[in-house]
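For reference, the chains in residue letters:
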Amino acid sequence: MLITVGYKNNFGTIIRAAIALALAIFIFTVKDAQTYMTQIVGVVIIIAGLICLIPSLTSKDDAAQEAKAKKKDKGKSMSLVLASITCGIATLVGLVLVLWPAKVGHLLFVVISGMLIILVALEIVVLVSTYIFMKPLHLMGWLPLALGIIALIFALIFFLNPTHIKWCLGIGLLVYGISELISMFRISKAENEYEIRFTAEAQAQRAAIPEDKQPISRDRSVVPTDGVKDVDFESVDRQ
């Protein structure tokens, strides 16, 4: 069985690799990376919260009038209230990240390392399934798995003992980004091979092959008849 969860298309893989490499470069090149990254994330959360909150507030009155007119659809007004609360909380969280980055920045990096552990573990599971299905032809074929294991080790080290950000989390993100790009080709090749072997299209092509050209059955109870000729009998006049 070939597992390709999260790797159905190359676009998602490229996005994950690009984000990981960008974060790694940011950590290694920016002096106070933790503070700046926390503030950037906070600004993004604030913008997302406001974008979500403004339509909820503007449509609240219309929904209330419609509920009064029809005396139903209480679920719609409740969902608007919940959406407003959620967006408001997200906006407040973003403000906390922007205003107090030194206090919450450490927690943000722990969250990033936890997400990295989950992503690397998923990558390793998918790669192992491809190796079971199709073994690599040379040692370089094992490179993405080796890089994934290295990235997982560094992510675990930082998550269990969150110190030396540049040396642990940065290296883990960098190695993971590279491994994702290499794994993309490996997984795509395995998917193509899987489709050739097991898709319905391949089965239809086999069904279209004439019976006389079908491969010999491996079932020993079936006696192969290829090459067997009918015996010609000649009648003998006994007179």
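Coordinates for the structure precede this section.
Residues numbered from 1 in each chain as written. Predicted model: local features only at pLDDT ≥ 70, side-chain atom pairs only at ≥ 80, totals over all residues. Heavy atoms only, no water.

Participant: Can you lay out the packing of aromatic side chains for me, pointing to particular residues and giving the numbers?
Facilitator: Considering all chains together, one arrives at two aromatic pairs under this definition. When the ring of Tyr 131 is compared with that of Trp 142, the centres are 4.4 Å apart and the planes differ by 25°; the resulting orientation is stacked. Of this pair, Tyr 131 sits in helix H5 (residues 101-133) while Trp 142 sits in the loop between H5 and helix H6 (143-160); the two residues are 11 residues apart in sequence, bridging distant segments of the chain. With a relative accessible area of 5%, Tyr 131 lands in the buried category. Between Arg 16 and the ring centre of Tyr 7, over which it is positioned, the NZ or CZ distance is 4.7 Å. (Phe/Tyr/Trp six-rings, centres within 6.5 Å; stacked < 30°, edge-to-face > 60°. Helix = DSSP H or I, 4+ residues; strand = E, 2+ residues; numbered from the N terminus. Buried < 20%, exposed > 50% of the residue type's maximum accessible area, 1.4 Å probe, protein only. Lys NZ or Arg CZ within 6 Å of the ring centre and 35° of its normal.)

Participant: Tell me about the packing of H5 against H6, and name the residues and values.
Facilitator: The geometry of H5 relative to H6 is characterised by a closest axis approach of 9 Å and an angle of 155° between their N-to-C directions. Judged on the interaxial angle alone, H6 and H5 are roughly antiparallel. The element H5 and its partner H6 pack so that their crossing is left-handed. Where H5 approaches H6, its residues Phe 109, Val 110, Ser 113, Gly 114, Leu 116, Ile 117, Val 120, Glu 123, Ile 124, Leu 127, Val 128 and Tyr 131 are matched on the opposing element by Pro 144, Leu 145, Gly 148, Ile 149, Ala 151, Leu 152, Ala 155, Leu 156, Phe 158 and Phe 159. Here the contact of H5 with H6 is composed, by residue class, of 18 nonpolar, three polar and one charged. (Axes fitted to C-alpha atoms, helices over the stretch in contact; angles between N-to-C directions. Parallel < 35°, antiparallel > 145°, perpendicular 65-115°, else oblique. Left-handed = near helix turned anticlockwise from the far one by under 90°. Contact = heavy atoms within 4.5 Å. Nonpolar A, V, L, I, M, F, W, Y, C, P; charged D, E, K, R; others polar.)

Any functional reading would require information that these geometric values do not contain.
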